[in-house]
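Descriptive analysis of the structure
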Amino acid sequence: LARLEGRYLWGGVFYRNFAHFMAESLSRLWAADRGPYDGVAMVLRRPMEGRKISGFHTELVAAMGIDAPLSVIKDATVVDELVVPGQGFGLGAIAAGTPAFRAHVAANFGRDIAPDGPERLYISRSALPPSAGRLLGEARIETHLRDEGYITFHPEQHDIATQIARYKAAREVIACDGSALHLLAFCSQADQRVAMICRRRSSASTLIARHLTSFTGRPPTVINALLRQYQPHGVRRKRMFLGEPDMAALSAALRDAGFISGKTLWPELSLETLRAELPDGYAPL
């Protein structure tokens, strides 16, 4: 059998996807202070995928306060010593996190990264492909928010340290719902206000709100101003849906919550805009 020599922290299941790595693969790393460790050991969720470790995987492990390499195990392996913590975070009821996990995150997550960025931040999904799921007309939302002093931020274009620095610096954050909000919850500041714009009708949005509420002590303003959703042909995964927002209702909700001045309500998206942004093969639900 293969062998890992030394003392390892059991990390659980390795998800290659950013969202699930954030929400599930970090869930046992609250035991970082029980080290030192020679590494963090995880097993593949899908053994046929391969063991490729991306930069954000190692950066997030480091942000949790662990100065040890990540080892992804594919074959049966003997480990000299394996420290096995309980799951402290994840999807479902445990999205609020255990007290031990929350305490570790509050004390350690990205602690050496200084705040750096604007006070008003809009976390956008407009640069992602449609298959990742997003709001239609999001470029229009960015323009309207720019007039209110918000800076658009595409997290997938930056390393984890930059994302943490931006999130620490912002006092008011508006975001299209998605995995970026999991990272925000890990490093949110006490005086920070968050508004989450729903891009889909899904329980995943509820779990993100639960995560933010539990870890920050303040519930986000959740805005569901969807007129309709569009589904790719033959696909039922809600994370891939495209949402068409009611722009007037969205701007009114942001105004009423104090995130924008909202002197005039935003105009609705034109048919030309919708046709230009809606890919072939998508149909309304």
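About the criteria used
- Residues numbered from 1 in each chain as written.
- Predicted model: local features only at pLDDT ≥ 70, side-chain atom pairs only at ≥ 80, totals over all residues.
- Heavy atoms only, no water.
- Helix = DSSP H or I, 4+ residues; strand = E, 2+ residues; numbered from the N terminus.
- Contact = heavy atoms within 4.5 Å.
- Areas by Shrake-Rupley, 256 points an atom, 1.4 Å probe, with all protein chains shown as cover.
- Lys, Arg positive; Asp, Glu negative; His and termini not counted.
- Charge placed at Lys NZ, Arg CZ, Asp CG, Glu CD.
- Pairing = 2+ DSSP bridges.
- Axes fitted to C-alpha atoms, helices over the stretch in contact; angles between N-to-C directions.
- Phe/Tyr/Trp six-rings, centres within 6.5 Å; stacked < 30°, edge-to-face > 60°.
- Buried < 20%, exposed > 50% of the residue type's maximum accessible area, 1.4 Å probe, protein only.
- Salt bridge = Lys/Arg side-chain N within 4 Å of Asp/Glu carboxyl O.
- Polar contact = N/O pair within 3.5 Å; in protein donor to acceptor, adjacent residues only side chain to side chain.
- Core = buried A, V, L, I, M, F, W, Y, C linked by side-chain atoms within 4.5 Å.

**A look at the overall build of the protein**
Each helix and strand in the protein was counted, giving 9 helices and 13 strands. For the protein, long-range pairs separated by at least 24 residues make up 72% of all intrachain contacts whose partners lie at least 6 apart in sequence. With an accessible surface of roughly 13,100 Å², the protein has 50% of that area assigned to carbon and sulfur atoms. Seen as two clouds, the 34 positive and the 29 negative side-chain charges of the protein have centres 5 Å apart.

**Notes on the sheet that holds strand 8 (residues 172–176)**
Ordered by their spatial adjacency, 5 strands build an open sheet running 7-5-8-9-10, and the pairing between neighbours is parallel. Two strands lie at the open edges of the sheet, namely strand 7 (151–153) and strand 10 (221–223), each paired on one side alone. Neighbour-to-neighbour, the strand axes of the sheet open up by a mean angle of 20°, direction not taken into account. In the sheet, strand 5 (residues 120–123) pairs with strand 8 via 4 bridges, with the strands oriented parallel. What sits directly across from Leu121, in strand 8, is Val173. The strands touched by helix 4 (residues 138–146) are strand 5, strand 7 and strand 8; relative to strand 5, the strand with the most contacts, the crossing angle is about 180°.

**Some thoughts on unusual backbone geometry**
In this chain, Gly35 is followed by Pro36 through a cis amide linkage whose omega measures 15°. Mapped onto the fold, Pro36 is located in the loop between helix 1 (18–25) and strand 2 (39–44).

**Some details on the packing of aromatic side chains**
This model, assessed by the stated rule, comprises 11 aromatic pairs. Measuring from centroid to centroid gives 5.5 Å for Phe89 and Phe215, while their planes differ by 70°, and the two rings are edge-to-face. One end of the pair, Phe89, is in the loop between strand 4 (77–83) and helix 3 (99–108); the other, Phe215, is in helix 7 (residues 203–216), and 126 residues separate them in sequence. Of the two residues, Phe89 and Phe215, neither departs from the other in class, the shared state being buried. Taken together, a centroid distance of 6.0 Å and an interplanar angle of 75° make the contact between Phe101 and Phe215 edge-to-face. Taken as a pair, Phe101 in helix 3 and Phe215 in helix 7 lie far apart in primary sequence, 114 residues in all.

**Describing the pattern of salt bridges**
This structure, assessed with the given rule, holds 11 salt bridges. When the shortest N-O distance is used, the salt bridge between Arg34 and Asp33 registers 3.6 Å. Two residues, Glu172 and Arg120, come together in a salt bridge whose shortest N-O distance is 2.7 Å. Here Glu172, found in strand 8, pairs with Arg120, found in strand 5; they are 52 residues apart in sequence, far enough to count as distant. A relative accessible area of 16% places Glu172 in the buried class.

**Here we look at the side chain of Lys168**
Turning to its location among the elements, Lys168 is positioned in helix 5 (residues 160–169). A polar atom in the side chain of Lys168 sits 2.6 Å from the backbone oxygen of Gly110. Not counting chain neighbours up to four residues away, the residues in contact with Lys168 comprise Phe109, Gly110, Arg111, Ile113, Pro115, Cys187 and Gln189.

**As for the pairing of strand 1 (residues 2–14)**
Looking at chain direction, strand 1 and strand 4 are connected through 6 bridges and run parallel. If you follow Leu9 over to strand 4, its bridge partner there is Val83. The sheet contact formed by strand 1 and strand 2 spans 6 bridges and is parallel. Within the sheet, the bridge partner assigned to Leu9 lies in strand 2 and is Val40.

**Things to note about helix 6 (residues 180–187)**
The buried count for helix 6 comes to 8 of 8 residues, which makes it a mostly enclosed element. Listed in full, the buried residues belonging to helix 6 are Ala180, Leu181, His182, Leu183, Leu184, Ala185, Phe186 and Cys187.

**A short note on the nonpolar core**
Counting residues in hydrophobic clusters, the biggest one holds 49 residues, and the most contacted among them are Phe109, Tyr167 and Phe186. Looking at which element gives the most residues to this core, the answer is helix 6, with 7 residues. If we skip the residues at most four places from it in the chain, Phe186 touches Met22, Leu26, Phe89, Phe101, Val105, Phe109, His211 and Phe215. Listed in part, the 24 residues of the second largest apolar core include Ile141, Leu226, Leu250 and Leu269.

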